[in-house]
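Residue-level listing of the chains:
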Amino acid sequence: DLALRQARRGSWKVGVVYLDLDHFKRINETFSHSVGDSLLSEVANRLVMSVRGADLVVRSDPGFDVGGSHGSATADSAVSRFGGDEFTILIPRLRDEQDLAAVGRRLLETLSQPFSVEGHEVVVGSSIGLTVFPSDGDNPEELLRNADTAMYAAKEGGRNRYQFYTQSMNERSLRRLILEGKLRRAIDESQFELHYQPKVSLSSGRATGFEGLLRWHDPELGLVGPGDFIPVAEETGLIEPIGDWVLGQACRQIGEWGAQGCDVSVAINLSPEQFRRPGIAQRVAEVARAAGADLSRLEVEITETAVLHDTELVIRELQAIRELGVRVALDDFGTGYSSLSYLRRLPVDTLKIDRSFIQDIEVDPEDANLTQGIIAMGKALGLRIVAEGVETEGQRSRLTAWGCDEMQGFLFSPAVPPAEARELLDDT
Ligand code: C2E
Ligand code: CA
Ligand code: CA
């Protein structure tokens, strides 16, 4: 408040920095909380040191004169820990945005140097959001909120960077807010559908099972793709009821098809958020029993990021899921950070090679080699291998030659409503 009052009188600008450490949670998990604590205070020291310079720029400006009725106090640049691994910094006097950009660069630079805490060498990145008074807000709350928004944009943009706030970010968050409201209603008003994309055996050419993919029909927005609403559902916790609905729907479908004498499997996608609280295995069991589904027909797909978060907890849940007879697939394989030794520890039955590898196997020898390598490695670990996003005959024949088990993709069929999925089964 004081800084803004002074800036108004002196017609200069004020900068707000919102800084969040990247992957700080991993430090706590990998080392210990006391290492995490020491790191936070080291970070704080470096932040204070690096904005001290910015303060000097301010003070050395001969035009600087506080004056006025609030008299004595000069707003100093202030570093504060906002909570957790988030820090905010006030730069009370800027000439222009460039000054703040320089602060952003300096902060990234100082934090990118390795830290030495309790005998460990630790490297952390940081994501920084920046706002400037008066263009990005005319009160402290707004400036902080928008800086926070910009910080998220910096994270989404690939982390370890700084990002100025822009108006369009707010439009985006407004869109999200609208989407959130609509999503809440979507569950009650049953606007969701599960469509089914077949997985095809490369040796027999027959459909062996389906992946259930969520579709949302909003009365105003029309068909919204999961890529647009799943992230919102994850952020708002709505993924829990939505995930339960998907699970129930898949189980009912397994029951229905089973009653018609076709014993195909159905896979559903589980979001990392659904592993945040323990008990997902329990819920799978309950929902499947209520729907009268044969659990050996159910498969769950998880991504590497789901497992990376709280590895031990997730592994326990996955083991419990497998004990129910449900199979587990590792989705989008190749896009994460799984090491070979890590993969060995994971209770999974199936590897799904990400579409980004498959896409270019006909033209890019490196992708072809990688895909062959993944298939060989997966087989050595006793896993079933599924190639995602197969669109051409050329891809199919290569994958068959390399010993891949199954494929999924537009070459055979996109995800279709249940009745059409049933027909696809009869056709193969
Ligand atoms: P995913 O699990 O990797 O699903 C495969 C996506 O690739 C689907 O997009 C599918 O339509 C698309 N695809 C399949 N074959 C091809 C192909 O040959 N070419 C191309 N270009 N694309 C192909 P979709 O349905 O838009 O789903 C996107 C993502 O949304 C899914 O990626 C999954 O991560 C998520 N998702 C979908 N349904 C659910 C759900 O019920 N729960 C959760 N948690 N996530 C879901
Ligand atoms: Ca999937
Ligand atoms: Ca996938």
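Examined bridge by bridge, strand 6 (residues 125–133) and strand 7 (residues 161–164) share four bridges and lie parallel to one another. Residue pairing in the sheet places Ser127 in a bridge with Arg161 of strand 7. Regarding topology, helix 5 (residues 140–156) serves as the crossover connection from strand 6 to the parallel strand 7, and that connection is left-handed.

On to the coordination of the calcium ion (ligand 2). For a metal bound by four donors in tetrahedral geometry, the ideal donor-metal-donor angle is 109.5 degrees, whereas six donors in octahedral geometry ideally sit at 90 or 180 degrees. Here the calcium ion (ligand 2) is held by the protein donor atoms Glu211 (OE), Asn269 (OD1), Glu301 (OE) and Asp331 (OD), which lie 2.1 to 2.3 Å from it. The calcium ion (ligand 3) is placed at 3.9 Å from the calcium ion (ligand 2), the two being bridged by Asp331. In this pair, Asn269 sits in strand 11 (residues 265–269) while Asp331 sits in strand 13 (residues 327–333), placing the two residues 62 residues apart along the sequence. Judged by its relative accessible area of 31%, Asn269 is partly exposed.

If you look at the biggest cluster of nonpolar residues, it comprises 73 residues, and the most contacted ones within it are Leu183, Ile302, Ile321, Leu330 and Leu399. Here this core gets eight residues from one element, more than from any other, and that element is helix 8 (residues 239–259). Once you skip the residues sitting within four places of it in the chain, Ile302 turns out to touch Leu270, Phe275, Val307, Leu318, Val328, Ala329, Leu330 and Asp331.

Helix 7 (residues 226–236) packs onto helix 6 (residues 167–188) with a crossing angle of 85 degrees between their chain directions and a minimal axis gap of 10 Å. When the axis of helix 6 is compared with that of helix 7, the two are roughly perpendicular. Seen from helix 6, the contacting residues are Arg176, Leu179, Glu180 and Leu183; seen from helix 7, they are Asp228, Phe229, Pro231, Val232, Ala233, Glu235 and Thr236. Residue composition of the contact of helix 6 with helix 7, by class: six nonpolar, one polar and four charged.

Our next topic: the coordination of the calcium ion (ligand 3). At 2.0 to 2.7 Å from the calcium ion (ligand 3) lie its protein donor atoms, namely Asp331 (OD), Asp332 (OD), Glu388 (OE) and Glu388 (OE). A relative accessible area of 25% places Asp332 in the partly exposed class. Exposure remark for Glu388: the relative accessible area of 11% places this residue in the buried category.

Before going further, it helps to spend a moment on unusual backbone geometry. At the junction of Phe133 and Pro134, the peptide bond is cis and its omega measures out at 10 degrees in the coordinates. Relative to the assigned elements, Pro134 resides in the loop between strand 6 and helix 5. A positive phi angle is found at His23, which is not glycine, with a value near 55 degrees. If you trace the backbone, His23 turns up in the loop between strand 1 (13–22) and helix 2 (24–30). Overall, the relative accessible area of 37% leaves His23 in the partly exposed class.

Moving on: the pattern of salt bridges. Opposite charge on two side chains lets them pair, provided their charged atoms get close. Scanning the entire structure with this criterion turns up 24 salt bridges. Of the charged contacts, one joins Arg345 and Glu312 as a salt bridge, the two residues approaching to 2.9 Å between their closest N and O atoms. Of this pair, Arg345 sits in helix 12 (residues 340–345) while Glu312 sits in helix 11 (residues 311–323), placing them 33 residues apart in sequence. Of the charged contacts, one joins Asp349 and Arg322 as a salt bridge, the two residues approaching to 2.9 Å between their closest N and O atoms.

Next up on the list: the pairing of strand 15 (residues 384–387). Every other side chain in a regular strand lies on the same face of the sheet, so the side chains alternate between the two faces. Burial along strand 15 is two-sided: Arg384 and Val386 facing one way and Ile385 and Ala387 facing the other are all buried. The pairing of strand 14 (residues 350–353) with strand 15 spans four bridges and is classified as parallel. Its bridge partner being in strand 15, Thr350 is matched across the sheet by Arg384. Summarising the sheet, strand 15 and strand 16 (residues 406–407) pair through two bridges and their orientation is parallel. Each bridged residue has a counterpart across the sheet, and for Ala387 the counterpart in strand 16 is Met407.

About the cut-offs
- Residues numbered from 1 in each chain as written.
- Chains lettered and ligands numbered in written order.
- Predicted model: local features only at pLDDT ≥ 70, side-chain atom pairs only at ≥ 80, totals over all residues.
- Heavy atoms only, no water.
- Pairing = 2+ DSSP bridges.
- Helix = DSSP H or I, 4+ residues; strand = E, 2+ residues; numbered from the N terminus.
- Right-handed = clockwise from strand over helix to strand, strands pointing away.
- Donors = N, O, S within 2.8 Å, 3.2 Å for Na, K, Ca; no water.
- Buried < 20%, exposed > 50% of the residue type's maximum accessible area, 1.4 Å probe, protein only.
- Core = buried A, V, L, I, M, F, W, Y, C linked by side-chain atoms within 4.5 Å.
- Contact = heavy atoms within 4.5 Å.
- Axes fitted to C-alpha atoms, helices over the stretch in contact; angles between N-to-C directions.
- Parallel < 35°, antiparallel > 145°, perpendicular 65-115°, else oblique.
- Nonpolar A, V, L, I, M, F, W, Y, C, P; charged D, E, K, R; others polar.
- Salt bridge = Lys/Arg side-chain N within 4 Å of Asp/Glu carboxyl O.

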